[in-house]
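In case you want the letters, here they are:
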Amino acid sequence: GNQMCRHVINAQVAVRAPCCRRWFDCAECHAEEASHPITTQTLVAFACKKCRKCFRKDMALFEEADEFCPHCDNHFVIEAETPDTYYGDSDSSSDSSDYDDSDLSSDDDNAVP
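Numbering of residues begins from 1 in every chain and follows the order in which that chain's sequence is written. Since the coordinates come from a predicted model, pLDDT governs what is reported: local features require at least 70, and pairs of side-chain atoms require 80 or more to be given and counted, while whole-chain, interface and lining totals use all residues. Processing note: side-chain calculations cover all non-hydrogen atoms of the structure and skip hydrogens and water entirely.

It is worth spelling out the packing of aromatic side chains at this point. In summary, the pairing rule links any two rings of Phe, Tyr or Trp, Trp by its six-membered ring, whose centres are within 6.5 Å, and it sorts them by plane angle into stacked for under 30 degrees, edge-to-face for over 60 and tilted for everything else. On inspection of all chains with the given rule, the structure shows 3 aromatic pairs. When the ring of Phe-46 is compared with that of Phe-76, the centres are 5.2 Å apart and the planes differ by 45 degrees; the resulting orientation is tilted. A residue pair is termed long-range when its members are at least 10 positions apart, and Phe-46 in strand E3 (residues 43-48) and Phe-76 in the loop between strand E4 (54-58) and helix H2 (83-86) qualify at 30 residues. Its relative accessible area of 6% is what places Phe-46 among the buried residues. Every helix listed is a DSSP run of H or I at least four residues long, and every strand listed is a run of E at least two residues long, numbered separately from the N terminus. Any residue under 20% of the maximum accessible area for its type is buried, any over 50% is exposed, and the rest in between are partly exposed; the area is computed with a 1.4 Å probe on protein chains only.

Next comes the structure, spelled out in C-alpha cells:
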C-alpha cells in the first residue's frame, strides 16, 4: 500500500517482489506480510515514491547513475534511516524494556499520523 515502511523510514522506492508480484518497501515488509520467502532476481521493478512512476533496473549492471529515478531524478539509493537511527537511539545500551507500551495496540499500524 501507500503507507510508510516502518523498517526504512526514508524509503524512496517500492520494490515489486518477483514471487508474488506485490509491491513492498523492503524485504522485511515482505517477510511480515507474505507467507513465503522472497525470491530475488537481477532484473528488479521499482516504483518511485516521488513521481509514482515505475522502472526496472538490472542489479547485475547497477552503477552510480542507476541510483536515480529515470523519470524524476529522485536519488533513491540513500543510507537507510531505520527507527533506531531516525529517533536518535543509536545507543545500544539503552534498555527498551523501560518503555511502557501498554497503550499500544496491535492495530496502530492503521492509525493516521
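Moving on: the environment of His-7. As for its placement among the helices and strands, His-7 is situated in the segment before strand E1 (13-16). We classify His-7 as buried; its relative accessible area is 11%. With 20 residues separating them in the primary sequence, His-7 and Ala-27 have C-alpha atoms 9.4 Å apart. Polar contact is defined as a pair of N or O atoms within 3.5 Å, subject to the rule that within protein one atom must be able to donate a hydrogen and the other to accept it, and that residues adjacent in sequence are counted only when both atoms are side-chain atoms. Among the polar contacts listed, one links the side chain of His-7 to the side chain of Glu-32, at a separation of 2.9 Å.

What follows is about the confidence of the model for the chain. For the chain, mean pLDDT is 81; residues scoring 70 or higher make up 73% of the total. At the low end of the mean pLDDT range in the chain sits H2, at 76; at the high end sits E4, at 95. The predictor's confidence in any single residue is recorded as pLDDT, a number from 0 to 100. Contact definition: two residues touch when any of their heavy atoms are within 4.5 Å. Every residue in residues 89-97 scores below 50 in pLDDT, and together they form 3 contacts with partners more than four places removed in sequence or on other chains.

Walk down a regular strand and you will see the side chains alternate between the two sheet faces. Strands pair, by our definition, only if DSSP identifies at least two bridges between them. Note that E1 and E3 share 3 bridges and pair antiparallel. If you follow Ala-14 over to E3, its bridge partner there is Ala-47. Relative to strand E2 (residues 23-24), E1 runs antiparallel, the two being bridged by 2 bridges. Paired with Arg-16 across the two strands is Trp-23, which belongs to E2. Where E1 hands over to E2, the hairpin turn is made up of 6 residues, of which Arg-21 adopts a positive phi near 55 degrees.

Pairing between side chains becomes possible if they bear opposite charge and their charged atoms approach one another. Just to be clear on terms, a salt bridge is a Lys or Arg side-chain nitrogen sitting within 4 Å of an Asp or Glu carboxyl oxygen. For the coordinates displayed, the defined rule picks out 4 salt bridges. Measuring nitrogen to oxygen at the nearest pair gives 2.7 Å for the salt bridge that ties Arg-6 to Glu-32. A residue pair is termed long-range when its members are at least 10 positions apart, and Arg-6 in the segment before E1 and Glu-32 in helix H1 (residues 27-33) qualify at 26 residues. You can call Glu-32 partly exposed: its relative accessible area is 47%. In this structure, Glu-33 and Arg-22 form a salt bridge, with 3.7 Å as the shortest nitrogen-oxygen distance. Highlighted residues: Glu-33 in helix H1 and Arg-22 in the loop between E1 and E2, separated in sequence by 11 residues. The partly exposed category is assigned to Arg-22, whose relative accessible area is 38%.

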